[in-house]
Amino acid sequence: MADSGRPRPADPDAAESRTASPLAGKKRAQQSPGLRSKYQSSAPGHCFKKVTLTKPTFCHSCSDFIWGIIGFLCEVCNFMCHEKCLKTLRKVCSSMTPSLVQVPVAHCFGPAGQKKRFCCVCRKQTEGSTALRCEVCELHVHADCAIFTCADCRSCQLDGILEQDTYHHHWREGNLASAARCEVCRRSCGSSDVLAGMRCEWCGITSHAACYLGMPAECTLGRLRCMLLHPACVRLDSRNFSKMHCYRIAESCSHELDNSDDADLSAAAAPASKDGQPAASESGKQFLKVFDGDDAVKRGFFRLVSITKNEEVVEAALRAFYLPDDPQDFELHEIGGPQRLHSDDILNRNGSPDNRNSLKDGGDSWLLRAKPRVTEVIKVYTDWPKSGVAFISVSVSDSSTTSSVLAEVLSKLDRQEEDLSKFSLLEVCMSSKQVQRQTLTPQEKLRDKLREIRKVSLRQMNQTRFYIVENKNRAVRVELLIGGLPPLLTTEKYTQLIEEHLAIKSHLVTISNFYLNQGAVVLQISCFAEAERIYMLAKDTSINNKTLTSLVIPAITQNTLGADVCPLLVFVNPKSGGLKGRELLYGFRKLLNPHQVFDIMNGSPLAGLHTFREVPRFRVLVCGGDGTVGWVLGVLEAVRHKLTCREPPIGIVPLGTGNDLARILRWGPGYSGEDPYHILVSVYEADEILMDRWTILLDAQDVSEDGKENEFLEPPKIVQMNNYFGLGIDAELSLDFHLAREDEPDKFTSRFHNKGVYVKVGLQKISHTRSLHKELQLHVDGQEVPLPNIEGLIFLNIPSWGSGADLWGSEVDSRYEKPSIDDGLLEVVGVTGVVHMGQVQSGFRSGIRIAQGNYIRLTLRKPIPVQVDGEPWIQPPGHIIISAAGPKVRMLRKSKQKQKKSSANMRDGHSDSPSSRDGH
C-alpha cells in the first residue's frame, strides 16, 4: 500500500495499545492482529507466526531468498520474512494503511494488464480477468481485495479542502523491476517473485522497505520534473465528482468493483487460510459467514472464518476484514436472532457432529459488532500543513459534542484564543473508490456518530478520519467543456441551445468560451450541485441525433510554474495500435500528472488545448497514427488564437499503420513496446523543426468537356493536408481498405493485419486500368502541366509515402529542388498502377516525377477517389485548389544522439527508468 505522508515512526498510540491488553491474563496468542504478534516486530499491525516452508520462498522485506525451512508469516497480510528482518521491519501491515494517508485521494480502478503483478492487500499474485489496477498509481489488487484498500492514491491537484504546502515522496510497495536498486544502500531491492521494495510514484526512486524511511521527506519530482505539471499548479473544485470524472477516465470497469462489493465471495474470500483455494474445501474445519455491519448484510458481502481450537474466532474475523483492533472490544451476533457468541462459546461447540450440522443448516451467519464503550479516543487531524502536528488525540464520552472536541483540539494546539465558530469538524471516509466528506454540526454527539458508523460497517470506521478545518468562504468555480454541438453557429445560437437543452441557471452559470469550429462551449459554474446536474444531464442529451459530451476541466495556475518547466501535453488514441494505445495511456498517467494526459477519444484534442490555453510554453506528444496527428494539428490551427503558446512543438509516438510522418521525424515505423519513460526523455531531447501544412479547397461543380462550369454539385469544403494528397488508384486502395475496416473494425487491431488487407485489395485491382490524364487537368503555379498515361497522381509534402516508401526518389535532377518538409513546395508524382506501386514499396523503382510547386489547381471531369493523409472518399467533378495553410507548424524530430546519461534539468543522478518495473 502507499505511504504519502512524511516518514515517521510507528504510531505511539497504537504501540501503547498493543502492549496494554484489556485482559492482561490472556495469553499473547489471544490478542488482536493489530495489537499483538506471536513474534515481535518493529512495524505495527502484523501478526507473525513461525511457519515451515515447503517451497522456495523470498523475504518481503529484503527480497532475498529465505534459506532453510523456517519463515515468519503475517496471518493478516501474508507478509513473509527472515527472523533477522523482524527486528528491522518498517513496513506496516495492510490493516494499518489508512493510518498512513496524509491527503486522502481515491483510486481510479480499471482492468489490469497482462503483466505479472502482486496484490497490494493480500500480497499474492494477481491472475485472471478479475484483477484490477489504479489508472493513476501503481496499486494492483484482486477484485475481492479492492474493498480493503483506502484512498491512498497520488495527490495530483489542489481542491481547496485538504491540501499540502510541500510534496513528500508518495511511496508504493512492490511490483518493482528485478533490476531496481535501493537509493540508500545501492543493493538490489526489486523482485519478480514477491511484493517487495518501495518506490516513489512521483520521482521514481526505489528503496528497501527497511531503508526508505531514512531518506529525505520532500520529493523533487525526479528526472521528468521539467515536463511534469506540478500538483500545486493544478486547481480543481471536485467535491461532487469522482476521480474518474476529474481525470476523464472511461469508467469501463467500475462495475467490476461494484460487483465485487455485492458478490458472494464465499469461495474466494477466506483470508484466514490465504491458500488460494476455497476455504470450505479444507477438511476438518468449520466455517462461519461473518459480516462486518448492516451494509455488508444488505449487500450479501461476507468473509469466511475458519474455527479451530487454537484460534480465537473474533480475532480471526478481525483479520479477515483487515481490522487492527483488539478482539476484546468486539463480539459476534447471530443474524436473525439475539444470541451473542464469544470465542469460548465457539470453541466449546467445535467437537460435536450435531453442532457442525447446525452450522451447515444456516446457523453460520454472524455479525461482527463492537462492544459498548464508556469512553474512547479519536484522532483529530489538522488540515494546515505547517502546524507541525499530524493529529490530536481527544477522549470523547456520551456528552462530547463537535464544539467541545474542537475546543479541546484548539487548546492542545495553543490556539484556544481563536473564535470557535471559525472552525469545523470534518468527517472524511477514505474509501478506495471515492472520498466522502461531511461537516458535522456543532451540537452533534460524537459517540452517536461513531456508533452509527460502526453499525453500518467496521471497515468504514477503520477508513474514517476527523479533520479540524478552518471555515473559508472561497468562491466555487467548476469548468465544464460541453462538446458535440452543431459547429459554426453563432454565439447567440449556442447560448440558446444550452439554455434550452440543459436548463442552466443564469445566476450560477456563465458561458466563458465558444469554440465555433469545434461545436463546443465552456461553462463556468459557481455551485457544485448545479455543476453535477449539468454534467450528468449533458451526457444524456442529444442535439441533431448526436449525444453531447461533458468534461470537467482543471485550472492551471501558470504563475506557479517554474521558469525551467515546459509541461508536456499528451494525447493518446487508445484505439490505435491494438491494446498498445491503452497501455501507453496508463503508462503516461503514472509517469506524469494525469491532468496532462488526455484520451483523445474522450472529448477530442480540444479538451487538452483548452486546459493548457494559458500555459506560456508547452510541448505536445501525440500517440496515434497519421490521422490522429492530423486531427490534433487541425484543432490546434482552429483554436491557436486562444492559446498563450500559439505554436507548441509536436512529437509523435507512431501507433498507426503507415506512420509516414513519424518516420521522417525519426520516431520510427511503429510503436513496439518501448518504455514510456524513455519516450519522454526522447521528447525532451528532440529538436524543433518547421513543417509546411497545406489547405485543400474542394469545389464540386458540374464541369463540361470544354472545361466550362455549370452548376454546384455540393457546397465547397476545406481540408488540411500534412503528408500527401492522392487521386486515382492510390486513393481507391485506401477507400477499399477503409470500407473493409468499417465493416469489421474488431479485426483491424494490428499493423501486420492492416498491411495484409492492403495487399489483398491491391491484388484485386492489379488488372484495373484508368486513364487519369483524360479525367483531370493539372495546373502548377499557374502553368498547365501535361500528364503522362498514369493511374494515380500524388502530391507529397513529406519524403515518405505508403509506409515509408520514397516515391519521389533520390536521383538528382537539376529541374527540381531537393524535397524538404519546410521548403514551401509540393512534389507531384504519378504511378502507373498497382504493380508500379508495389515496386515503389519494394524500393526497386520510384514514381514518375511530374512537377514541383506551391500552388496547385486541378479540374476533375469525372468522380474520382481521393485521399488526404489516408482518409479517402469519392470526390465529384469540379475544382481542387491546394495552397499553403498559413504559418508553418513546429514539429519535434527525435535527436540522432543517444539519450544522454546526465542532463541538468532531466536527471538527478539515477540511471534506471522509474517505469522499468512494467517490463517495457
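Please read these numbers as outputs of a predicted model, since none were measured by experiment.

1. Details of the overall build of the chain
A count of helical and extended segments in the chain gives 22 helices and 49 strands. When the 920 residues of the chain are sorted by exposure, 57% land in the buried category. Summarising the internal contacts of the chain: among those between residues at least 6 apart in sequence, 71% fall at separations of at least 24. Carbon and sulfur atoms form 50% of the exposed surface of the chain, whose accessible area is close to 38,200 Å².

2. Topic: the sheet that holds strand β22 (residues 435-439)
One open sheet accounts for 5 strands, arranged β20-β19-β23-β21-β22; its pairing is mixed. The open sheet terminates on both sides in strands that have one partner only, identified here as β20 (391-396) and β22. For this sheet, the mean angle separating the axes of adjacent strands, direction not counted, is 35°. Of the pairings in the sheet, the one linking strand β19 (residues 376-382) to β20 comprises 6 bridges and is antiparallel in character. In the sheet register, I378 faces β20, and the bridge partner there is V394. Each of β19, β20, β21 (423-430) and β23 (464-470) touches helix α9 (residues 402-412); the most contacted strand, β20, lies at about 135° to it. Across the sheet, helix α10 (residues 446-456) is in contact with β19, β20, β21, β22 and β23; its angle to β19 comes to roughly 95°.

3. A closer look at the environment of G878
By the element assignment, G878 lies in strand β48 (residues 878-884). Counting along the chain gives 17 residues from G878 to R861, while the straight-line C-alpha distance between them is 6.8 Å.

4. Side note on the sheet that holds strand β4 (residues 80-81)
With antiparallel pairing, 3 strands are arranged side by side in an open sheet as β2-β3-β4. With partners counted over all chains shown, the strands left at the sheet margins are β2 (48-52) and β4, one partner each.

5. Remarks on the side chain of T97
With respect to the secondary-structure elements, T97 resides in the loop between α2 (83-86) and β5 (109-111). Only 3.0 Å separates the side chain of T97 from the backbone oxygen of S94, close enough to count as a polar contact.

6. Side note on α9
Along α9, the positions that sit buried rather than exposed are T402, V405, L406, V409 and L410. Looking straight down α9, one finds that the buried residues subtend no more than 130° of arc, so they occupy a single side. Among the structural elements, β19, β20, β21, α10 and β23 are those in contact with the buried residues of α9. Just downstream of α9, D414 is the residue with a positive phi angle, here 60°.

7. A word on α10
The set of residues buried in α10 consists of L446, R447, K449, L450, I453 and R454. Seen end-on, α10 carries its buried residues on one side only, within an arc spanning 160°.

8. Considerations on unusual backbone geometry
For N175, which is not glycine, the phi torsion reads 60° and is therefore positive. Within the element layout of this structure, N175 appears in the loop between β10 (171-173) and β11 (198-200). The exposure class of N175 is buried, given its relative accessible area of 4%. The residue N544 is not glycine, and still its phi comes out positive at about 55°. Note that N544 resides in the loop between β27 (542-543) and β28 (546-547).

9. Here we look at the confidence of the model for the chain
Mean pLDDT over the chain: 80, with 79% of residues reaching 70 or higher. Element-level pLDDT for the chain is lowest in helix α1 (residues 12-19), with a mean of 36, against a maximum mean of 95 in strand β31 (residues 568-572). Contacts of residues 253-283 to residues separated by more than four positions or lying in other chains number 59 contacts, the stretch itself having pLDDT below 50.

10. Some points on the pairing of strand β18 (residues 365-370)
For β18, a buried count of 5 out of 6 residues is recorded, marking the element as mostly surrounded by other parts of the structure. The pairing of strand β14 (residues 286-291) with β18 spans 3 bridges and is parallel. Looking at the pairing, V290 lines up with W366 of β18. Bridge count for strand β16 (residues 330-334) against β18 is 5 bridges, and the pairing is antiparallel. The partner of F330 across the bridge, within β18, is A370.

11. Brief notes about the packing of helix α14 (residues 580-591) against helix α18 (residues 676-685)
Two elements in contact, α14 and α18, have axes separated by 9 Å at closest approach and are oriented at 70°. By the criterion of interaxial angle, the relationship of α14 to α18 is roughly perpendicular. Note on packing geometry: the crossing formed by α14 with α18 is right-handed. Residues L584, G587, F588 and L591 of α14 pack against P676, Y677, I679 and L680 of α18. In terms of residue class, the contact of α14 with α18 is made up of 7 nonpolar, 1 polar and no charged.

12. Side note on the pattern of salt bridges
Enumeration according to the criterion identifies 40 salt bridges in this entry. Across the salt bridge formed by R373 and E376, the nearest N and O atoms sit 3.8 Å from each other. A residue is classified by how much of its surface remains accessible, and R373, at 24% relative accessible area, is partly exposed. Taking the shortest distance from any N to any O, the salt bridge between R447 and E376 comes out at 3.2 Å. With a gap of 71 residues between them, R447 in helix α10 and E376 in strand β19 connect regions that are remote in the sequence. Taken together, the salt bridges that share partners define one network made up of R373, E376, D398, R447, D448, R451 and R454.

13. Here's the deal with the state of the cysteines
With the rule as written, the count across this model stands at 0 disulfides. Left without a disulfide partner, C81 is nearest to the cysteine sulfur of C59, which lies 5.3 Å away. Free cysteine C93: the closest other cysteine sulfur is in C77, separated by 3.7 Å.

14. So, the packing of aromatic side chains
This model, assessed by the stated rule, comprises 16 aromatic pairs. For the pair F58 and F65, a centre-to-centre distance of 5.5 Å together with 80° between the ring planes defines the contact as edge-to-face. What makes F58 partly exposed here is its relative accessible area of 22%. Look at F65 and you get partly exposed, because its relative accessible area is 27%. For the ring pair Y381 and F391, a centre distance of 5.3 Å and an interplane angle of 50° mean the geometry is tilted. With Y381 in strand β19 and F391 in strand β20, the pair connects residues that are 10 residues apart, well separated along the chain. Relative accessible area serves as the criterion here: at 22%, F391 is assigned to the partly exposed category. Sitting over the ring of Y586, R133 keeps its end group 3.6 Å from the ring centre. Above the plane of the ring of F598 lies R248, whose end atom (NZ or CZ) is 4.0 Å from the centre.

Conventions and cut-offs
- Residues numbered from 1 in each chain as written.
- Predicted model: local features only at pLDDT ≥ 70, side-chain atom pairs only at ≥ 80, totals over all residues.
- Heavy atoms only, no water.
- Helix = DSSP H or I, 4+ residues; strand = E, 2+ residues; numbered from the N terminus.
- Buried < 20%, exposed > 50% of the residue type's maximum accessible area, 1.4 Å probe, protein only.
- Contact = heavy atoms within 4.5 Å.
- Areas by Shrake-Rupley, 256 points an atom, 1.4 Å probe, with all protein chains shown as cover.
- Pairing = 2+ DSSP bridges.
- Axes fitted to C-alpha atoms, helices over the stretch in contact; angles between N-to-C directions.
- Polar contact = N/O pair within 3.5 Å; in protein donor to acceptor, adjacent residues only side chain to side chain.
- Arc of directions from axis to C-beta.
- pLDDT = per-residue confidence, 0-100.
- Parallel < 35°, antiparallel > 145°, perpendicular 65-115°, else oblique.
- Left-handed = near helix turned anticlockwise from the far one by under 90°.
- Nonpolar A, V, L, I, M, F, W, Y, C, P; charged D, E, K, R; others polar.
- Salt bridge = Lys/Arg side-chain N within 4 Å of Asp/Glu carboxyl O.
- Disulfide = S-S within 2.5 Å.
- Phe/Tyr/Trp six-rings, centres within 6.5 Å; stacked < 30°, edge-to-face > 60°.
- Lys NZ or Arg CZ within 6 Å of the ring centre and 35° of its normal.

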